[in-house]
Amino acid sequence: MLTLIGLLIIITIVALLMTGKSNPILAMSIIPLIGALIAGFSISEISTFFEAGMMKVTKVAVMFLFAILFFSILKELHIFDPMIRHLVKLTRGNVVLVAMMTALIAAIVHLDGSGAATFLIIIPALLPLYKKLGMSPYLMLLLMAGSMGIMNMVPWGGPLGRASAVTGIEASILWQNIIPVQIVGIIGMIAFAAIMGLREKKRIQAAAINGTTPFEQDCTLSDLAEDTDDGEARKPKNFWFNIALILISIICLAFGLFSAPYVFMIALSLVLLVNFPRPRQQVEVISRHAPQALNMVAIIFAAGAFLGILSESGMLKAIALDLIHILPPTWVGSLHIAVGLLGVPLDIFTSTDAYYFALLPVIGEVTATAGVSIDSVVYAMAIGNNAGTFVSPFSPATWLAMGLAGTDMGKHLKYSFGWIWLVGLFVVAVGYFMGLY
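For clarity, every value in this text was computed on a predicted model and none was experimentally measured. (Residues numbered from 1 in each chain as written. Predicted model: local features only at pLDDT ≥ 70, side-chain atom pairs only at ≥ 80, totals over all residues. Heavy atoms only, no water.)

J.: Please clarify how helix α21 (residues 409–433) should be interpreted in this entry.
T.: Note on helix geometry: an α-helix contains 3.6 residues per turn, so any two residues three or four positions apart are oriented the same way. With 25 residues, α21 should cover 36 Å at 1.5 Å per step; its first-to-last C-alpha distance of 34 Å lies within 8% of that length. Buried within α21 we find Met409, His412, Ser416, Ile420, Val423, Gly424, Val427, Val428, Val430 and Gly431. Trailing α21 by a residue or two, Gly435 shows a phi angle of about 80 degrees, which is positive. (Helix = DSSP H or I, 4+ residues; strand = E, 2+ residues; numbered from the N terminus. Expected span 1.5 Å × (residues − 1). Buried < 20%, exposed > 50% of the residue type's maximum accessible area, 1.4 Å probe, protein only.)

Here it is in structure tokens:
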């Protein structure tokens, strides 16, 4: 009975999230409550389950709150703009270098883990350059999606935060072992960008012979310079201090010098103190970015309710035990790797919330019976899945990118899906050879 009800809860939540019939907060708050009542648990028991779930996610929620505010304020201060303008000028006219630069810039700017903000910064800066050179905007989106997917494994990016909420392992601790995978992954993305740049160069040359360059737009180099240099209006404020603050925060997280929530609490306080010295300014800038931060925190707490009920009620354990009887014994110990290999298509057909909050707990319970540690399960599933984040139609940031670039979601999927899955398989292989699972 517990298995059946648990599966129905998970399937219902996944279906609601996939079809867009409900937001994650409503689905993960109400559906588990209804399931627990049907299973015969009392109100007081369900409250105990809820409190246990809240205890698991509190640290993650606090980290998200301060991290999102910190990086959003830095984006408002245009800290990354000079780097983008400089690289655009350096690579102007060289298709291969433009492709490689796109992958590198996307990785750096996506340091904050916010896909929407990264697209808002990079696409307006690079799109005129792509149009001038006759390069496909779908190539730009592909290269950005690949690099951003690899960088999205930072602890404040979303996926590791969700995994932390599910497993109870601190996101910054999970990230420390993933850093080498990210480094190799970004190097691989730059190499991949060079190959795709050569491919694009041949396409442009072939089109020129035929007298056509499909993606060319009539603009001059002087127009391009104006597009990519916004002058004093976008000059970064306290640039070197803010860059140093970002680097120190990352070092503290990478080496575990402070608790992740405390790192971002201090970093946010310092960025406010130096860049917005008046209390009124500080309140105003926090108010501008609070909605995005509070939305993620609310989702994390709702996930805590969902996981608390499923785990404390014994539903997850019942599902796992019944799955063991169905699956061949040789499959159980490598099930997490198989799911990681399928991570990109799973992200296309589900959502990030469904993948981590519904699928991860079940896979973790099943593989635990074969002696697989929960951190190995997280590594395999997160590394395999992240590459597909920004080709998924369930990612609101992807739709924003379509609008900014003037592209079509169907064509983006057709152009990028196979390549992105290849990137996902590459990083899964890197993680495997590094002994993470």
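J.: Is there a simple way to explain the packing of aromatic side chains in this structure?
T.: The description of an aromatic ring pair uses the distance of the two centres, along with the angle that the planes make with each other. Taken as a whole and judged by the stated rule, the model has 10 aromatic pairs. Both rings, one in Phe70 and one in Phe264, keep their centres 6.1 Å apart while their planes meet at 50 degrees; by these two values the pair is tilted. Of this pair, Phe70 sits in helix α3 (residues 43–76) while Phe264 sits in helix α12 (residues 260–275), and the two are 194 residues apart along the sequence. Of the two residues, Phe70 and Phe264, neither departs from the other in class, the shared state being buried. With 5.8 Å between their ring centres and 50 degrees between their planes, Phe417 and Trp421 make a pair best called tilted. With Phe417 and Trp421 both in helix α21, this residue pair falls 4 residues apart, about one helical turn. (Phe/Tyr/Trp six-rings, centres within 6.5 Å; stacked < 30°, edge-to-face > 60°.)

J.: Which parts of the structure should I look at to understand the packing of helix α5 (residues 95–109) against helix α7 (residues 137–151)?
T.: One can describe the packing of α5 onto α7 by two numbers: an axis separation of 8 Å at closest approach and a directional angle of 35 degrees. Here α5 and α7 pass one another in a crossing that is right-handed. Contacts between α5 and α7 involve Ala99, Thr102, Ala103, Ala106 and Ala107 from the first element and Met140, Leu143, Met144, Ser147, Met148 and Met151 from the second. The class makeup of the residues in the contact of α5 with α7 is 9 nonpolar, 2 polar and no charged. (Axes fitted to C-alpha atoms, helices over the stretch in contact; angles between N-to-C directions. Left-handed = near helix turned anticlockwise from the far one by under 90°. Contact = heavy atoms within 4.5 Å. Nonpolar A, V, L, I, M, F, W, Y, C, P; charged D, E, K, R; others polar.)

J.: Sorry if this is basic, but what is going on with the nonpolar core here?
T.: One recurring pattern in soluble globular proteins: nonpolar side chains tend to sit buried together. Core analysis: the largest hydrophobic core is formed by 140 residues, its most contacted members being Phe70, Trp156 and Phe357. Among the elements that take part in this core, α3 stands out by supplying 15 residues, more than any other. Contacts of Phe70, omitting those with residues within four sequence positions, involve Leu245, Ile246, Ser249, Phe264, Ala267, Leu268 and Val271. (Core = buried A, V, L, I, M, F, W, Y, C linked by side-chain atoms within 4.5 Å.)

J.: Which parts of the structure should I look at to understand α7?
T.: The end-to-end C-alpha distance of α7 is 21 Å, a good match for the 21 Å that 15 residues give at a rise of 1.5 Å each. Burial of α7 is extensive: 15 of the 15 residues sit out of reach of the surface. The backbone nitrogen of Tyr138 lies 3.1 Å from a side-chain oxygen of the residue at the head of α7, namely Ser136. (Polar contact = N/O pair within 3.5 Å; in protein donor to acceptor, adjacent residues only side chain to side chain.)

J.: Whenever I open this one, the side chain of His289 confuses me. Can you help?
T.: Summarising the element assignment, His289 is placed in helix α13 (residues 279–312). Judged by relative accessible area, which is 15%, His289 ranks as buried. Non-local contacts of His289, meaning those with residues more than four positions away in its chain, are made with Leu69, Ser72, Ile73 and Glu76.

J.: Looking at this model, I keep getting lost on the pattern of salt bridges. Mind explaining?
T.: Where charged atoms from two side chains of opposite charge come close, those side chains can pair. Enumeration over the complete set of coordinates arrives at 3 salt bridges. As a salt-bridge pair, Arg288 and Glu76 come within 2.6 Å of each other at their nearest N and O atoms. Of this pair, Arg288 sits in helix α13 while Glu76 is found in helix α3, placing the two residues 212 residues apart along the sequence. The exposure class assigned to Arg288 is partly exposed, which follows from its relative accessible area of 47%. The salt bridge partner of Arg203 is Glu200, with a shortest N-O separation of 2.8 Å. In this pair, Arg203 and Glu200 are both assigned in helix α9 (residues 171–209), 3 residues apart and thus about one turn of the helix distant. The exposure class assigned to Arg203 is partly exposed, which follows from its relative accessible area of 25%. (Salt bridge = Lys/Arg side-chain N within 4 Å of Asp/Glu carboxyl O.)

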